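Listed below are the residues making up each chain.
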Amino acid sequence: MKKPFAIWVVLAATLTFSVGALQDEVSAPAEALTGKVRSFLKKEMRLLAEGGRAIEGALAAGKSERVAVEAEKMHETFVHKEEVTTFDLRILQAELGEEFVMQDNAFHALARELEAHAQKNDLIEQQRVFDAMLRQCVACHKTYAPEAPVLE
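We now turn to the structure provided with this report. (Residues numbered from 1 in each chain as written. Predicted model: local features only at pLDDT ≥ 70, side-chain atom pairs only at ≥ 80, totals over all residues. Heavy atoms only, no water.)

### Topic: the environment of F87
And then number 1: Structurally, F87 is set in helix α4 (residues 86-96).
And then number 2: What makes F87 exposed here is its relative accessible area of 58%.
And then number 3: Each C-alpha atom, one on F87 and one on V37, is 9.8 Å from the other, the two residues being 50 residues apart in sequence. (Helix = DSSP H or I, 4+ residues; strand = E, 2+ residues; numbered from the N terminus. Buried < 20%, exposed > 50% of the residue type's maximum accessible area, 1.4 Å probe, protein only.)

### Looking at the packing of helix α5 (residues 98-119) against helix α6 (residues 123-144)
And then number 1: It is at 9 Å that the axes of α5 and α6 come closest, and there the two elements cross at 165 degrees. Judged on the interaxial angle alone, α6 and α5 are roughly antiparallel. Seen from above, α5 lies across α6 with left-handed handedness. Of α6, the residues touching α5 (which contributes E99, F100, Q103, A106, F107, L110, A111, E113, L114, H117 and A118) are E125, Q126, R128, V129, F130, A132, M133, Q136, C137, A139, C140 and Y144. (Axes fitted to C-alpha atoms, helices over the stretch in contact; angles between N-to-C directions. Parallel < 35°, antiparallel > 145°, perpendicular 65-115°, else oblique. Left-handed = near helix turned anticlockwise from the far one by under 90°. Contact = heavy atoms within 4.5 Å.)

### Description of the pattern of salt bridges
And then number 1: According to the stated counting rule, one finds seven salt bridges in the structure shown.
And then number 2: With its nearest N and O atoms 3.3 Å apart, the salt bridge here joins K73 to E70. Pair noted here: K73 and E70 are both in helix α3 (residues 64-75), with a separation of three residues, about one helical turn.
And then number 3: Here K73 falls in the partly exposed class, since its relative accessible area comes to 48%.
And then number 4: Here E70 falls in the buried class, since its relative accessible area comes to 7%.
And then number 5: The shortest N-O distance in the salt bridge between R128 and E113 comes to 2.7 Å. (Salt bridge = Lys/Arg side-chain N within 4 Å of Asp/Glu carboxyl O.)

### Structural notes on the side chain of D88
And then number 1: Checked against the element boundaries, D88 lands in helix α4.
And then number 2: Exposure remark for D88: the relative accessible area of 8% places this residue in the buried category.
And then number 3: When neighbours within four sequence positions are excluded, D88 is seen to be in contact with K36, V37 and F40.

### Topic: the packing of aromatic side chains
And then number 1: One pass over the structure, following the stated rule, counts one aromatic pair.
And then number 2: Note on F100 and Y144: the rings are 5.1 Å apart at their centroids and 75 degrees apart in plane angle, and the pair reads as edge-to-face. Of this pair, F100 sits in helix α5 while Y144 sits in helix α6, placing them 44 residues apart in sequence.
And then number 3: Exposure remark for F100: the relative accessible area of 5% places this residue in the buried category.
And then number 4: Overall, the relative accessible area of 7% leaves Y144 in the buried class. (Phe/Tyr/Trp six-rings, centres within 6.5 Å; stacked < 30°, edge-to-face > 60°.)

Structure, rendered in structure tokens:
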């Protein structure tokens, strides 16, 4: 079951607008981060956005192999896999809270699940899991970074 790429473009634009509109209503805990912690979190978000755009295109084209590669990359962008210290991670957790860490872990678990379905060439499950990943992105941005777009 393939959805036209145009639907994904509209969905991404809608999500970007919706998340951006929340900026005035919700405080942005991620804005309080500074220095190295803010830098590696922004780097992770850039990598995830790039992966999300690549997966959108691959899903639209039915290219499971590409979905698997990109999903693995997304899983591997865990902040603790970057060049950060335990102290940096403690700052991140202290500033954003345990809920953020749990949401981040859940997102990366979904990326691993997407990779597994892509390796099986299960297009329906790939789409279901990717949709869940997008919902996870929106939920996290709503709480932690409403000013930041989801899949720019």
